[in-house]
Amino acid sequence: MARTKLIPDSEVLAIALKILLIQGEKSVTFSAVAQKTRLAPPTLVQRFGSCAAMIDAALCLAWDQLEAQTTIAFVDTTAKGRGVQAMLKTLSAPIDSPALVAASLRYPALATRAKAWRNQVEAGLTLKLGSGAKAKEAASVTFAAWQGRLLWDGAGGKGFRLGEAVKKLT
C-alpha cells in the first residue's frame, strides 16, 4: 500500500520553481528541495526520478498556471470593461513571467510555450487597443515594455509609468 503524501507534488514543485527562479537551475538539487520541504531526498528521487525531471515538471506547472491566469485576466477585465493596464496588472502576480521565460528558453518545448503565451497576451492586448496593424504593433510594444518593466522592477529599479506609455502608443 502506498504511503500518503504529506506534501503534494504541486507544493514541492512550487518550491523547486522558487529556487530555480531566484538562485538558478544549478541550485535545484534534491538536497536543496528536501531542506525546504522537509522531505527526504530519496522521497524526491522516488517522486521525480531526476533533478532534470523535477525542474521540467516545475516549469511545466508554472506555464500551466500562467496560461490559465492569462485567460482569466483577459476574460475578467473584458467582462468588467477594464483595459490594458488592468489586464497587465492582473498578470504581474504571482508568477515572475520574465524569470519564467528566461528559465524556459533553453528547452525547445518550453520556449514554444513562452512564444505561444506572448502571442496570447499580445492578442488580448490587441483586442483591448482596437483593431488593425496599429493596434497589433502597439500590443507588441506594450508587451515588451511591460516585460522589461517587470524585469527591472525585480532588480530594484523603478521604471516608467506603463499607463502613460500605452496612451502614447494608441
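Refer to the structure presented above.
Here's what I pulled together on the structure shown here. (Residues numbered from 1 in each chain as written. Predicted model: local features only at pLDDT ≥ 70, side-chain atom pairs only at ≥ 80, totals over all residues. Heavy atoms only, no water.)

### As for helix α1 (residues 9–23)
Between its first and last C-alpha, α1 extends 21 Å over 15 residues, near the 21 Å set by a 1.5 Å rise per residue. Along α1, the residues that are buried comprise Val12, Leu13, Ala16, Leu17, Ile19 and Leu20. Viewed end-on, α1 has its buried residues packed into an arc of 160°, placing them on one side of the element. More than 90 degrees from the buried face of α1, the exposed residues found are Lys18 and Ile22. (Helix = DSSP H or I, 4+ residues; strand = E, 2+ residues; numbered from the N terminus. Expected span 1.5 Å × (residues − 1). Buried < 20%, exposed > 50% of the residue type's maximum accessible area, 1.4 Å probe, protein only. Arc of directions from axis to C-beta.)

### Comments concerning the side chain of Gln69
With respect to the helices and strands, the residue Gln69 is situated in helix α4 (residues 51–79). Dropping the residues within four chain positions of it, Gln69 is found in contact with Thr90, Leu91, Ala93, Pro94 and Ile95. (Contact = heavy atoms within 4.5 Å.)

### Focus on the pattern of salt bridges
One pass over the full model with this rule turns up six salt bridges. Across the pair Arg113 and Asp64 runs a salt bridge whose closest N-O atoms are separated by 2.5 Å. With a gap of 49 residues between them, Arg113 in helix α7 (residues 108–129) and Asp64 in helix α4 connect regions that are remote in the sequence. Judged by its relative accessible area of 42%, Asp64 falls in the partly exposed class. (Salt bridge = Lys/Arg side-chain N within 4 Å of Asp/Glu carboxyl O.)

### Some points on the packing of α1 against helix α2 (residues 30–37)
Interaxial distance between α1 and α2 falls to 10 Å at its minimum, and their mutual angle equals 120°. Relative to α2, the element α1 lies oblique. With respect to the hand of their crossing, α1 and α2 are arranged in right-handed fashion. Along its contact with α1, which presents Val12, Ile15, Ala16 and Ile19, the element α2 presents Ala32, Val33, Lys36 and Thr37. Looking at side-chain class alone, the contact of α1 with α2 contains six nonpolar, one polar and one charged residues. (Axes fitted to C-alpha atoms, helices over the stretch in contact; angles between N-to-C directions. Parallel < 35°, antiparallel > 145°, perpendicular 65-115°, else oblique. Left-handed = near helix turned anticlockwise from the far one by under 90°. Nonpolar A, V, L, I, M, F, W, Y, C, P; charged D, E, K, R; others polar.)

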